[in-house]
Amino acid sequence: MANTPRLVLPYLVTGQAQKEITHNDALNDVDSLAQISVINRTTATPPTTPSEGDSYIVAASPTGAWAGNTDAIASYYSGWRIKPAKAGWIAYVQAENVFYVFDGSSWAPFKGGQSRVGNSFAFLGDSRIASQFNDASSTAYPTSLAHMKTNTFFFNWANAFLGQRMKTVYNGAVSGYRSDQYLTTARINDAIASGAKWLMIWGVVNDISQAGTTGDTAITIWTRIKNAAQSALNAGMHVVLLTEPGANSYGGVTSSKAMTNQFNQYLREFADVTPGVFCFDLANLIVDPTQVNITLRSTYSSDGTHPNSFGAYYLGQAFANYITNFIPAINSQLFTASDISVNGNIQQIANPLFLTTTGGTSGAGITGSTPASFVSSVTGGASATISTAADSSGYGNAITIVGAFSASGDSVLLKQDTTLANYTIPGDIVDSGVQIVINAGAVNLSQAALTTNFGGTANPASDLFGTATVLPNVAMDLTLRGVPFTLPTGTSWATWQVKFVGSGAGSFTAIIKRPWMRRRFAI
């Protein structure tokens with residue numbers, strides 16, 4: 001009997017008896033091959049109790065009714081119907097939430113159908129990744145109300161060094177979780193569905209410390225990480241895997257040290273042979289190489305497990321250097337003095353290039369002139385001198401603040417309160433930012449942060465927020481940017497502010513450039 005050339009559907013022939021059988025067989029083939037959707041691609045033995053319409057991509061070394069049909073589409077319609085795959089066929093694999101395309105010899109992830117933005121990141125891990133925001137609860141970002149980016153997560157520092165060219169679209173990390181807890185199918189699928197191009201996975205310190213209870217080994221832990229990474233690769237993502245530094249609490253426990261070393265070796269080997277996988281060897285940066293027992297460098301971690309802001313700074317610098325060639329550069333800063341609220345209702349900051357150098361408000365403890373529309377102030381025994389001069393980059397003027405602290409907790413602030421009179425639609429989204437250049441030689445500077453408060457909200461949008469650790473006294477060029485913030489109904493005002501905090505008697509010099517608070521458009 002003759003068949004169609006592509007789907008091999010049977011033709012009806014003149015005088016054929018029981019034409020309905022041939023016709024119905026063809027309909028079943030069309031039902032299985034049009035908009036192909038299979039349960040999985042890992043089954044090699046036909047299920048014993050399939051439902052009508054169940055379909056599979058036949059796995060290697062098939063048996064029974066599927067024998068000899070690797071990579072074919074097997075569909076059940078009162079019996080198994082087998083269709084060899086043709087080049088160009090696309091199938092949705094339900095178990096992986098991923099499309100695959102057949103190239104004539106094998107099935108591979110269909111990456112052309114994935115819409116992924118090259119600078120977007122998703123995260124899965126434990127508390128060290130959950131610390132990206134001030135909320136480390138089990139509620140994944142962006143579902144949570146966490147908008148305060150901390151200075152204890154190295155990625156936030158790296159982003160500041162790179163001019164905010166990276167963006168977070170999903171963070172499913174949870175404090176205290178093992179990999180079997182944060183690498184659930186739901187969280188992996190959420191990370192894939194976020195549209196992120198990059199997935200970062202870090203955190204098996206809890207797996208290793210609890211292995212005596214869970215029965216985990218280095219290979220079982222690594223297999224979970226590898227499988228999650230493979231799912232992301234199959235969906236067209238790149239994957240950044242971080243080596244595990246471990247924790248001081250391991251002490252001299254040989255099994256914990258052995259599992260840490262074995263896990264890291266599995267990770268390095270996988271990245272070495274797997275396209276699309278990047279190994280950021282964080283462990284070699286933060287672990288003290290002179291110690292026999294696992295010991296994090298004391299200046300990089302205050303508790304022997306989590307990086308502090310000092311450690312996050314150096315890890316962020318290393319990661320920025322590592323990733324810079326793979327992430328397209330962008331510039332979200334202000335370029336022209338015409339970008340103000342009355343011209344399009346986008347920029348909400350007045351005098352954003354500090355072209356009007358006087359007329360602002362200078363509080364007690366401030367000397368010099370504060371530019372129009374801005375307010376400068378200090379807390380505690382701090383003092384500061386403010387001056388304005390041409391920005392060396394050519395964009396208007398820049399403010400120089402020479403500040404001094406007399407005790408821990410003293411701060412120097414520059415802010416602008418703005419009325420959001422033109423925001424008449426609830427749900428408008430704004431983001432804010434600034435470029436801060438800190439000169440080398442700062443003493444006891446523990447925080448240089450952006451904070452933006454919208455109508456008194458309890459979770460203002462902030463970047464590099466946090467205190468407690470003295471920052472390095474080196475030159476820094478930072479672009480800070482708050483998380484895009486959806487304005488609550490009734491919001492009528494906002495405060496943009498940069499904040500410098502001391503951890504004791506000390507001083508700093510910082511240059512403030514091109515602040516922005518910008519209304520976002522939905523695309």
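Look above for the structure.
My aim in this report is to walk through the structure given alongside it, one point at a time. Every chain is numbered on its own, with residues counted from 1 as its sequence reads. Only residues with pLDDT of at least 70 get local features here, since the model is predicted, and only at 80 or more are side-chain atom pairs given and counted; chain-wide, interface and lining totals rely on the full set of residues. The side-chain values count all of the structure's non-hydrogen atoms but skip hydrogen atoms and water molecules.

Another aspect to go through is the overall build of the chain. Scanning the chain from N- to C-terminus turns up 11 helices and 25 strands. In the chain, which comprises 523 residues, the share counted as buried stands at 51%. In the chain, once contacts between residues fewer than 6 apart in sequence are set aside, the share between residues at least 24 apart is 67%. The accessible surface values rely on the Shrake-Rupley method and a 1.4 Å probe; as for residues, cover is taken only from the protein chains in view. When the accessible surface of the chain is summed, it comes to about 21,500 Å², and 52% of that surface belongs to carbon and sulfur atoms. A run of H or I in DSSP counts as a helix once it spans at least four residues, and a run of E counts as a strand once it spans at least two, with each numbered from the N terminus. Each residue's exposure class comes from its accessible area (1.4 Å probe, protein chains only) as a fraction of the maximum for that residue type: buried when under 20%, exposed when over 50%, partly exposed otherwise. We call two residues in contact when some of their heavy atoms are within 4.5 Å.

With that settled, consider the sheet that holds strand E6 (residues 98-102). When DSSP finds at least two bridges between two strands, those strands are taken to pair. Read across the open sheet, the 4 strands follow the order E1-E5-E6-E7; overall the sheet is mixed. Each end of this open sheet is capped by a strand with a single partner; those strands are strand E1 (37-38) and strand E7 (107-109). Across 4 bridges, the pairing between strand E5 (residues 90-93) and E6 is antiparallel. Paired with alanine 91 across the strands is tyrosine 100, a residue of E6.

Moving on to the nonpolar core. Core analysis: the biggest nonpolar cluster contains 77 residues, and Trp107, Phe154, Met166, Met200, Ile225, Leu241 and Phe319 have the highest contact counts within it. Broken down by element, this core gets its largest block of residues, 7 residues, from helix H8 (residues 218-234). In this structure, phenylalanine 154 is in contact with Met200, Trp202, Leu242, Phe280, Leu282, Ala312, Leu315, Gly316 and Phe319, ignoring residues within four places of it in sequence. Buried residues of nine kinds, namely Ala, Val, Leu, Ile, Met, Phe, Trp, Tyr and Cys, make up a nonpolar core once their side-chain atoms join them within 4.5 Å. Core analysis: the second largest hydrophobic core is formed by 43 residues, Val430, Val434, Ala510 and Met517 among them.

With that out of the way, let us pick up the layout of surface pockets. Empty space within the second largest pocket amounts to approximately 250 Å³. Considering the residues around the second largest pocket, the lining is formed by 17 residues, among which Asn261, Ala283, Asn284, Val287 and Ile294 are closest to the centre. Listing elements by their share of the lining of the second largest pocket, those giving two or more residues are helix H9 (254-273) and helix H10 (282-286). Classification used: nonpolar for Ala, Val, Leu, Ile, Met, Phe, Trp, Tyr, Cys and Pro, charged for Asp, Glu, Lys and Arg, polar for all others including Gly. The residue inventory of the lining of the second largest pocket, partitioned by class, reads 6 nonpolar, 7 polar and 4 charged. Cavities and pockets are found on a 1 Å grid laid over the protein atoms alone: a cavity is a set of points where a 1.4 Å probe fits but cannot escape, a pocket is an open set with protein on both sides within 12 Å along at least five of seven lines, and a lining residue has an atom within 4 Å of such a point. Grid points are joined across faces, edges and corners, and a volume is the space filled by probe spheres set on the points.

Turning next to the packing of H8 against H9. For helices, the axis comes from a line fit to the C-alpha atoms of the stretch in contact; other axes are also lines fit to C-alpha atoms, and the angle between any two N-to-C directions lies between 0 and 180 degrees. Taken N-terminus to C-terminus, the directions of H8 and H9 make an angle of 30°; their axes are 9 Å apart at the nearest point. The angle between the axes of H8 and H9 places the two elements in the roughly parallel class. When the axes of H8 and H9 are compared, the crossing they make is right-handed. In contact with Ala218, Ile219, Ile221, Trp222, Ile225, Lys226, Ala229 and Gln230 of H8, H9 contributes Met259, Gln262, Phe263, Tyr266, Leu267 and Phe270. Reported orientations rely on four angle classes, namely roughly parallel under 35 degrees, roughly antiparallel over 145, roughly perpendicular from 65 to 115, and oblique for the rest. Crossing handedness follows the turn of the near helix against the far one: under a right angle anticlockwise gives a left-handed crossing, and clockwise gives a right-handed one.

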